[in-house]
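If you want the building blocks of each chain, they are given just below.
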Amino acid sequence: MTVARFIEVVRRNSVASRNTAEAFVKEMLHYNIAEYVSKSGDGRAHPLRVSAATIETFTSWIHAHLRTLDRIDGGSRLATFLERPDMLAKLQPLICDGLLASDPVREPEQTFSLFIWLNNGGIVMDWLMSGIDPEDADLEKIPTSVISISEFAHWLKLSRTHLARKLHDAEALGSIGWVGQRGHSVMWVSRQFYDEYMAVQAAKLAVVDAAFETCFPPADES
């Protein structure tokens, strides 16, 4: 896909403005997420391709999500995909289209939306939720494994000031808090925030599952 075509697709689907899309292309090139097929000619006219590193990263993402779906229903999606890794080229666009068309993913609830605009905000939420004991998931205030904001920011390689500001905003919403003294006790997340997070993950997994079924229909339908 050429740069001009990419920008037009992004703009037409109301993902971002033209200027934002152009800035995003520059970022992809800078961080080796994408590369030019050829460096000759007009920069907007010659095609881009994803880098080998990006393909490797997305393949790992696919593996993680197929493995999760398999654990939910005892399926064998990951094994099927591993037998046909070339199907990545068909699977990825379907997942992309599905995520763009998913309201729960594109327009999440308030606290999830608050964090998603933070650099690495998704990882912040993943870290919070991964530290939850499943037996506590029904509580109104669910303990996490986080105590120190400074350590939390250090683990995630984020600005402590920026992370603290977002956490303060989330606290004002009643979405997070501390069991005892701030910085000296465990941070909790609200049941509503937990449900928001799980709703987005469920929607994302549904998109991946639908894309997989399109690429690998059941034997009696193929």
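Bear in mind the structure is a predicted one, so any value in this text is a computation, not a measurement. (Residues numbered from 1 in each chain as written. Predicted model: local features only at pLDDT ≥ 70, side-chain atom pairs only at ≥ 80, totals over all residues. Heavy atoms only, no water.)

(A) Highlighting the packing of helix α9 (residues 149–156) against helix α10 (residues 160–172). Look at α9 against α10: their axes get within 9 Å of each other, and the N-to-C directions meet at 120°. Seen along the crossing, α9 lies across α10 with a hand that is right-handed. Facing Ile-149, Ser-150, Phe-152 and Ala-153 of α9, the residues of α10 in contact are Arg-160, Leu-163, Ala-164 and Leu-167. Residue composition of the contact of α9 with α10, grouped by class: six nonpolar, one polar and one charged. (Axes fitted to C-alpha atoms, helices over the stretch in contact; angles between N-to-C directions. Helix = DSSP H or I, 4+ residues; strand = E, 2+ residues; numbered from the N terminus. Left-handed = near helix turned anticlockwise from the far one by under 90°. Contact = heavy atoms within 4.5 Å. Nonpolar A, V, L, I, M, F, W, Y, C, P; charged D, E, K, R; others polar.)

(B) Region of the structure containing the nonpolar core. Phe-115, Val-124, Leu-128, Leu-163, Ile-176, Val-189 and Phe-193 are the most contacted members of the largest nonpolar core, which totals 29 residues. At the level of elements, α7 (110–116), α8 (121–130), α9, α10, β4 (176–178), β5 (187–190) and α11 (191–215) are the ones that each hand at least two residues to this core. Dropping the residues within four chain positions of it, Phe-115 is found in contact with Gly-121, Val-124, Met-125, Lys-166, Leu-167, Ala-170 and Phe-193. The next biggest cluster of nonpolar side chains, apart from the first, holds 17 residues, and it includes Leu-66, Leu-78, Ile-95 and Val-207. (Core = buried A, V, L, I, M, F, W, Y, C linked by side-chain atoms within 4.5 Å. Buried < 20%, exposed > 50% of the residue type's maximum accessible area, 1.4 Å probe, protein only.)

(C) Looking closely at the side chain of Ser-185. In this fold, Ser-185 is placed in the loop between β4 and β5. A distance of 2.8 Å separates the side chain of Ser-185 from the backbone nitrogen of Gly-180, its partner in a polar contact. A polar atom in the side chain of Ser-185 sits 2.8 Å from the backbone oxygen of Gln-181. Every residue in contact with Ser-185, bar those within four places of it in the chain, is listed here: Val-146, Ile-147, Trp-178, Val-179 and Gly-180. (Polar contact = N/O pair within 3.5 Å; in protein donor to acceptor, adjacent residues only side chain to side chain.)

(D) Representation of the packing of aromatic side chains in the model. Under the criterion given, the structure shown has five aromatic pairs. Here the aromatic rings of Trp-127 and Trp-155 are separated by 5.3 Å at their centres, their planes lie at 15°, and the arrangement is stacked. A residue pair is termed long-range when its members are at least 10 positions apart, and Trp-127 in helix α8 and Trp-155 in helix α9 qualify at 28 residues. The exposure class assigned to Trp-127 is partly exposed, which follows from its relative accessible area of 33%. (Phe/Tyr/Trp six-rings, centres within 6.5 Å; stacked < 30°, edge-to-face > 60°.)

(E) Region of interest: the side chain of Thr-111. Take Thr-111: it is sitting in helix α7. Judged by its relative accessible area of 0%, Thr-111 falls in the buried class. Once residues within four sequence positions are removed from consideration, Thr-111 is found in contact with Ala-170, Leu-173, Ser-175, Phe-193 and Glu-196.

(F) Local environment of the environment of Tyr-194. Within the element layout of this structure, Tyr-194 appears in helix α11. As for Tyr-194 and Trp-117, which are separated by 77 residues in sequence, their C-alpha atoms are 18 Å apart. Residue contacts for Tyr-194: discarding those within four places in its chain leaves Met-129, Ile-132, Ala-137 and Ile-142.

(G) Highlighting the pattern of salt bridges. In the structure shown here, the tally under the stated rule is nine salt bridges. Linking Asp-70 and Arg-77 is a salt bridge whose minimum nitrogen-to-oxygen distance equals 3.1 Å. Judged by relative accessible area, Asp-70 falls into the buried class, the value being 12%. Note on Arg-77: relative accessible area 9%, which makes it buried. Across the pair Asp-209 and Arg-77 runs a salt bridge whose closest N-O atoms are separated by 2.9 Å. Taken together, the residues span a long stretch of sequence, with Asp-209 in helix α11 and Arg-77 in helix α4 (residues 77–83) at a distance of 132 residues. Classification of Asp-209 by relative accessible area gives buried; the value is 19%. (Salt bridge = Lys/Arg side-chain N within 4 Å of Asp/Glu carboxyl O.)

(H) Region of the structure containing the sheet that holds β4. The strand order β3-β5-β4 describes an open sheet built from three strands, whose pairing is antiparallel. In this open sheet, the two edge strands, each paired with only one partner strand, are β3 (141–143) and β4. Shown here is a sheet whose adjacent strand axes are inclined to one another by a mean of 35°, direction ignored. Bridge count for β3 against β5 is three bridges, and the pairing is antiparallel. Bridge pairing in β5 links Ile-142 to Val-189. Relative to the sheet, α11 contacts β3, β4 and β5, its axis offset from that of β5 by approximately 70°. (Pairing = 2+ DSSP bridges.)

Honestly, that's just the spatial picture; any functional story needs more than this.
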